[in-house]
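# Tertiary structure, described
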Amino acid sequence: MILVVDDDRSTRASALRLLTARGYSAFAATSETDAVRQAAQLTPDVILMDLHLHQGSGLDAARHIKAQPALEHIPIVALTATPPTWDEKMQLFAAVLTKPCPTAQILDAIETVLRP
């Protein structure tokens, strides 16, 4: 199960279509608060997280998720239009992809973090 966190309706819909077409069960969240709540409720296998949300921050959502012992194991793949600064904050993420991102790269990142 994959949780897609993005406040852009078109991007979110595209990601959900892509993932369900590949056989994944996918759910969506649109804000920092929604992402943290749904992560706790669903315990997804992977979270695909936009870092720049209109309501909150994907970085803060990742911090809140990783601070919960029951959720800290969930890999988070970050998506951002702004290339990140590589520092200790980025260690929250299993991968960081820069938008626009080819669908093959998104799928590769998800499949990589799902491998045992």
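Residues numbered from 1 in each chain as written. Predicted model: local features only at pLDDT ≥ 70, side-chain atom pairs only at ≥ 80, totals over all residues. Heavy atoms only, no water.

Right, let's get into the pattern of salt bridges. Under the definition given, this model contains four salt bridges. Of the charged contacts in the structure, one is a salt bridge between Lys 99 and Asp 50, with a shortest N-O distance of 3.4 Å. Within this pair, whereas Lys 99 is found in the loop between strand 5 (95-98) and helix 4 (103-114), its partner Asp 50 is found in strand 3 (residues 46-50), the two being separated by 49 residues in sequence. Look at Asp 50 and you get buried, because its relative accessible area is 4%. When salt bridges that share partners are traced, they join Asp 6, Asp 50 and Lys 99 into one network. (Salt bridge = Lys/Arg side-chain N within 4 Å of Asp/Glu carboxyl O. Helix = DSSP H or I, 4+ residues; strand = E, 2+ residues; numbered from the N terminus. Buried < 20%, exposed > 50% of the residue type's maximum accessible area, 1.4 Å probe, protein only.)

The next thing to look at is the packing of helix 2 (residues 32-42) against helix 3 (residues 58-66). Helix 3 packs onto helix 2 with a crossing angle of 25° between their chain directions and a minimal axis gap of 9 Å. Comparing their axes, helix 3 and helix 2 come out roughly parallel. Relative to helix 3, the crossing made by helix 2 is right-handed. Every residue of helix 3 that contacts helix 2 at Glu 32, Ala 35, Val 36 and Ala 39 is listed here: Asp 60, Ala 61, His 64 and Ile 65. Along the lines of polarity and charge, the residues of the contact of helix 2 with helix 3 split into five nonpolar, one polar and two charged. (Axes fitted to C-alpha atoms, helices over the stretch in contact; angles between N-to-C directions. Parallel < 35°, antiparallel > 145°, perpendicular 65-115°, else oblique. Left-handed = near helix turned anticlockwise from the far one by under 90°. Contact = heavy atoms within 4.5 Å. Nonpolar A, V, L, I, M, F, W, Y, C, P; charged D, E, K, R; others polar.)

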